[in-house]
Amino acid sequence: GESRSLAAPDPANGEVHWEHQAFLALNNSLLDHWGAGWDFPPRAAVDLNDPDLGPIRERAHHLISEFKGHAPWGWKDPRSCLTLPFWLDVIGGLKVVVPVRNPIEVAQSLKRRNASSSAFSMDLWYRYHSILLGTCPPNQRLIVHYDSCLARPRHELARMLSFVDLPAPSALAHIATSTVKLTLRHSRYSLADLSELGVDERIVRMYQGLCSEAGYSAVAGTEPDDLELEPSN
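Definitions and cut-offs
- All residue numbers refer to positions counted from 1 along the written sequence of the respective chain.
- In keeping with the predicted nature of the model, local features appear solely for residues at pLDDT of at least 70, side-chain atom pairs appear and are counted solely at 80 or more, and the whole-chain, interface and lining totals rest on all residues.
- Hydrogens and water molecules were not included; the side-chain quantities draw on all heavy atoms of the structure.
- The helix count covers DSSP runs of H or I at least four residues long, the strand count covers runs of E at least two residues long, and both are numbered beginning at the N terminus.
- For every residue, the accessible area (1.4 Å probe, protein chains only) is compared with the maximum for its type, and the residue is labelled buried under 20%, exposed over 50%, or partly exposed between those bounds.
- Helix span, expected: 1.5 Å multiplied by one less than the number of residues in the helix.
- Two residues form a contact once any of their heavy atoms are found within 4.5 Å.
- Definition of a polar contact: a pair of N or O atoms within 3.5 Å, with one able to donate and the other able to accept a hydrogen when the atoms are protein atoms, and with sequence-neighbouring residues admitted only if both atoms are side-chain atoms.
- Note on pairing: DSSP must find at least two bridges between two strands before they are called paired.
- Axis geometry follows a simple rule: fit a line to the C-alpha atoms, using only the stretch in contact for helices, then measure angles between N-to-C directions, giving values from 0 to 180 degrees.
- Angles are sorted into four bins: roughly parallel if under 35 degrees, roughly antiparallel if over 145, roughly perpendicular if 65 to 115, and oblique for all others.
- Note: crossing handedness is left-handed where the near helix turns anticlockwise from the far helix by less than a right angle, and right-handed where it turns clockwise.
- When residues are sorted by character, Ala, Val, Leu, Ile, Met, Phe, Trp, Tyr, Cys and Pro go into the nonpolar class, Asp, Glu, Lys and Arg into the charged class, and all the rest, Gly among them, into the polar class.
- Residues enter a nonpolar core if they are buried and are Ala, Val, Leu, Ile, Met, Phe, Trp, Tyr or Cys, with the set joined through side-chain atoms within 4.5 Å.
- By definition here, a salt bridge exists when the distance from a side-chain nitrogen of Lys or Arg to a carboxyl oxygen of Asp or Glu is within 4 Å.

(A) Geometry of the side chain of His 129. Within the fold, His 129 resides in helix α5 (residues 118–135). Judged by its relative accessible area of 10%, His 129 falls in the buried class.

Laid out in structure tokens, this is it:
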């Protein structure tokens, strides 16, 4: 969409979050309808045949129609983990790129931003990923690890572009990967830290599974990026 359609930069770091305001508003409407919120995921499976969803579904179709003729297109909003059943129903063949980060780091980020407790944040991390993994078929999702995106941006960009069937021109890839800012990372934890801090075993198992699907070793980490994207005509 147009730059004016994106949410304002985060006051905490001055960076744009790249969230399209119309998609964000739709996700909030869906969560409101289900008696939920970004910090209070739906407690039960949602009913996609609910006739009261009609107006929201119409808004979604109208918004999607604005992107016809502008392929490829997509949107980013963490709330989409919770509303994914709706979007998979509305958009056929949707492909989902799922960034994953150590839950301790997520908890610390939420503590800085919202003063959330570690217990609350860990449970929220688990519920977001539970809904996503239980909803999105493996062939329609790509898991990418936050650490890998920082350590090997070219490699991870190539994985993502391949997944969504887009070419990888070297010039544009260089511009994209040059936007990575290591200074915005405030903490780093390993898989061992999860066990040492006594994190719920179900969270540890889920994180291990996500790391495995992302091709990331939660123990060894990643090596610096030494791969080049192939030129594309």
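After that view, the rundown keeps rolling.
(B) Inspection of helix α4 (residues 103–114) at higher detail. Here α4 is 12 residues long and its end C-alpha atoms lie 16 Å apart, about the 16 Å a rise of 1.5 Å per residue gives. Burial in α4 covers these residues: Pro 103, Ile 104, Glu 105, Ala 107 and Leu 110. The inward-facing, buried residues of α4 contact α5, α6 (146–151), α9 (191–196) and α10 (201–214). Capping the start of α4, Asn 102 holds a side-chain oxygen 2.9 Å from the backbone nitrogen of Ile 104, two or three residues further along. Just downstream of α4, Ala 115 is the residue with a positive phi angle, here 60°.

(C) Structural detail: the pairing of strand β1 (residues 96–100). Going residue by residue along β1, you find Val 96, Val 98 and Val 100 tucked away on one face and Val 97 and Pro 99 left uncovered on the opposite face. Across five bridges, β1 lies against strand β2 (residues 141–145) in parallel orientation. Considered in β2, the bridge of Val 98 is made with Ile 143.

(D) Main features of unusual backbone geometry. The omega torsion of the bond from Ala 71 to Pro 72 falls at 0°, within 30 degrees of zero and hence cis. Mapped onto the elements, Pro 72 comes out in the loop between α2 (54–65) and α3 (80–90). Backbone geometry at Ala 115 places phi at a positive 60°, although glycine is not the residue there. Relative to the helices and strands, Ala 115 resides in the loop between α4 and α5. Assessed through its relative accessible area of 66%, Ala 115 is described here as exposed. Positive phi values are uncommon outside glycine, yet Asp 165 reaches one of about 60°. Among the structural elements, Asp 165 can be located in the loop between α7 (153–163) and α8 (170–177). By relative accessible area, which is 60% here, Asp 165 ends up exposed.

(E) Seen up close, the packing of helix α1 (residues 21–33) against α2. In contact at an axis separation of 11 Å, α1 and α2 are set at 165° when each is read in the N-to-C sense. As far as their axial angle goes, α2 and α1 are roughly antiparallel. Relative to α2, α1 is oriented so that their crossing is left-handed. From α1, Ala 22, Phe 23, Ala 25, Leu 26, Ser 29, Leu 30 and His 33 reach across to α2, where they touch Ile 56, Arg 59, Ala 60 and Leu 63. Residues that form the contact of α1 with α2 fall into these classes: eight nonpolar, two polar and one charged.

(F) Representation of the nonpolar core. The biggest cluster of nonpolar side chains holds 46 residues, and the ones touching the most others in it are Phe 86, Trp 87, Trp 125 and Tyr 207. Put simply, the parts of the chain that give this core at least two residues each are α1, α2, α3, β1, α4, α5, α9 and α10.

(G) Representation of the packing of α7 against α8 within the structure. In the contact formed by α7 and α8, the axes pass within 10 Å of each other and the chain directions differ by 120°. For the element pair α7 / α8, the angle class is oblique. Helix-helix and strand crossings are classified by hand; for α7 and α8 the assignment is right-handed. Within the contact between the two elements, α7 uses Pro 153, Arg 154 and Leu 157 and α8 uses Ala 173, Ala 176 and Thr 177. Residue composition of the contact of α7 with α8, by class: four nonpolar, one polar and one charged.

(H) Inspection of the pattern of salt bridges at higher detail. Applying the stated criterion across every chain, the model contains 11 salt bridges. The salt bridge partner of Arg 127 is Asp 123, with a shortest N-O separation of 3.6 Å. With Arg 127 and Asp 123 both in helix α5 and four residues apart, the pair spans about one turn of that helix. Look at Arg 127 and you get buried, because its relative accessible area is 16%. Glu 156 is paired through a salt bridge with Arg 152; the nearest N and O atoms lie 3.9 Å apart. Look at Glu 156 and you get buried, because its relative accessible area is 1%. For Arg 152, a relative accessible area of 19% translates into the label buried. Via salt bridges that share partners, Asp 123, Arg 127, Asp 200 and Arg 202 belong to a single interconnected network.

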